[in-house]
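One-letter residues, chain by chain:
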Amino acid sequence: MKRKRLRTLVWLMICVMMLASCGGRPQTQTIIIPDTDESQNSGGQTGPFEVQKIYRIELATKGGLIGWSGADALLGYFSGPGGSQSLQEIKPPYDNLLQVLEVDPKQFVFDLSPDGQRITAIEENDGKYELKLLSLADGTEQKLSTFDPSQLTSKWFTWSDNSRYLSFASYTTQPESKGQSDIVVYDVQNGTQATYLVPIPEGSRAELYSSVHVADDGNSAFLLYQRMDETWIVVGTWKDGVFTAQYKHELIGDGQAAWMNDDQVAFLGRDGTLYTYDLRNEAVTVLLDSAFSFSLSGDHQYVAYSKGDGTLFAGKLQGNNVLNAKQIYQGILPSQMAWSPDNRRLLIFGGRSLLKGKPEPVEVQNPETSLQSAEWLPFIIEFK
């Protein structure tokens, strides 16, 4: 049987070669002869988002996950005996801890840089807060600034996608009638610091901005702030020490937005529409007409997004379009997602049970501080 099959394949190769020679122009074609008798139509094509494996991160019940420290490694924050605290890595199959750095009990860690090299930490000393950078490579500390607790309004210290800029918002009660908000930006590459004043519209008071997100070129930023039950994004640029707002829009839930490039911001409006805003021509474009949450890859090439029915998709970004979107999971309403640096894995936080009826807004759990209950255990989708 095997010899008969081999002879058939040889004749097929000869016929292909003869047909190619009759075309007038030489052509090359590769024919792959399988080692087994399996059908070549065994399960369809393998695309860029073909799911290979799903890992449940059971260790999240013992600590908080902070983010990706490598292509396949997660960084977590865990407590030990005697009140000790440490940063530890979790690698495939994600069931063991590897200590990376011992953390001072007085320090509270925040955000991991996208390149997985540094993490921000706040340390309280004599009633003051000290902002520090901790190196995961050698454990060294770099002090950035000291400020009063009342000045710190940011919920996060945020990094630019290229890990160069670290930023946060501060607030002072002066002048007493309006207050004042500032944006503080550290250029980690050059070791410099800049502060930008946020002007207050006439008849208003200064906003308490929860986070600042600087573009990779360092020339523009978007801010998030909350007012009552509303969350807003403000996009703008700065010049001569002043931030100039250019566009404002209300967001869904606690606010979801990300830079697509140095000039375009993607954000999820309150109506569930995923928009983009371009600072160059002030154009607003619809990227997706319906989404519950979304996450862009670090290189801005791919997007993962969920629908209100609990379906999770992944697709490729090209201009203001999502191409080749493919369903990768069913039965999840993510509160947060994060791509690995090589785009082969997607870390997901959120309730795994599909909510009945119309989904209610999901309260975002901070993976840096919260222990995960069984229902909210994060998991990783790994692609082929």
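The structure this text deals with has already been given above.
Definitions and cut-offs
- Residues numbered from 1 in each chain as written.
- Predicted model: local features only at pLDDT ≥ 70, side-chain atom pairs only at ≥ 80, totals over all residues.
- Heavy atoms only, no water.
- 1 Å grid on protein atoms, 1.4 Å probe; cavity = no way out; pocket = protein on both sides within 12 Å on 5 of 7 lines; lining within 4 Å.
- Points joined across faces, edges and corners; volume = space filled by probe spheres on them.
- Helix = DSSP H or I, 4+ residues; strand = E, 2+ residues; numbered from the N terminus.
- Nonpolar A, V, L, I, M, F, W, Y, C, P; charged D, E, K, R; others polar.
- Pairing = 2+ DSSP bridges.
- Axes fitted to C-alpha atoms, helices over the stretch in contact; angles between N-to-C directions.
- Salt bridge = Lys/Arg side-chain N within 4 Å of Asp/Glu carboxyl O.
- Buried < 20%, exposed > 50% of the residue type's maximum accessible area, 1.4 Å probe, protein only.

Peer 1: Please provide a residue-by-residue account of the layout of surface pockets, values included.
Peer 2: One number sums up the size of the second largest pocket: a volume of about 270 Å³. Along the wall of the second largest pocket there are 16 residues; nearest its centre are Val198, Pro199, Pro201, Glu207 and Tyr209. Within the residue set of the lining of the second largest pocket, elements represented by two or more residues are strand 15 (220–227) and strand 17 (242–251). By residue number, the principal contributor to the lining of the second largest pocket is strand 17, which donates 3 residues. Its residues placed into classes, the lining of the second largest pocket shows 10 nonpolar, 2 polar and 4 charged.

Peer 1: Give me the sheet that holds strand 24 (residues 311–318): which residues, what numbers.
Peer 2: Within a sheet, neighbouring strands are paired by backbone hydrogen bonds and run either parallel or antiparallel to one another. In spatial order, the strands read 22-23-24-25; together these 4 strands make up an open sheet with antiparallel pairing. Single-partner strands in this sheet number two, and they are strand 22 (293–296) and strand 25 (321–330). Shown here is a sheet whose adjacent strand axes are inclined to one another by a mean of 20 degrees, direction ignored. One ladder, built from 7 bridges, connects strand 24 with strand 25; its direction is antiparallel. Its bridge partner lying in strand 25, Lys316 is registered against Leu323.

Peer 1: Can you lay out empty space enclosed by the protein for me, pointing to particular residues and giving the numbers?
Peer 2: As enumerated under the stated definition, the model contains 1 cavity of 30 Å³ or more in all. Partitioned by chemical class, the residues of the lining of the largest cavity number 3 nonpolar, 3 polar and 3 charged.

Peer 1: Give a description of the pattern of salt bridges that names residues and reports values.
Peer 2: Side-chain pairing between opposite charges can occur once the charged atoms of the two side chains come close. All told, the structure shown has 15 salt bridges when counted by the stated rule. Across the salt bridge formed by Glu250 and Arg270, the nearest N and O atoms sit 2.4 Å from each other. Of this pair, Glu250 sits in strand 17 while Arg270 sits in the loop between strand 19 (264–268) and strand 20 (274–278), and the two are 20 residues apart along the sequence. Salt-bridge contacts for Arg345 lead to Asp342; the nearest nitrogen and oxygen are separated by 3.3 Å. Given the relative accessible area of 7%, Arg345 is considered buried. Here Asp342 falls in the partly exposed class, since its relative accessible area comes to 34%. Residues participating in the shared-partner salt-bridge network are Lys106, Glu123, Glu130, Lys132, Glu141 and Lys143.

Worth remembering: the numbers are spatial, not functional.
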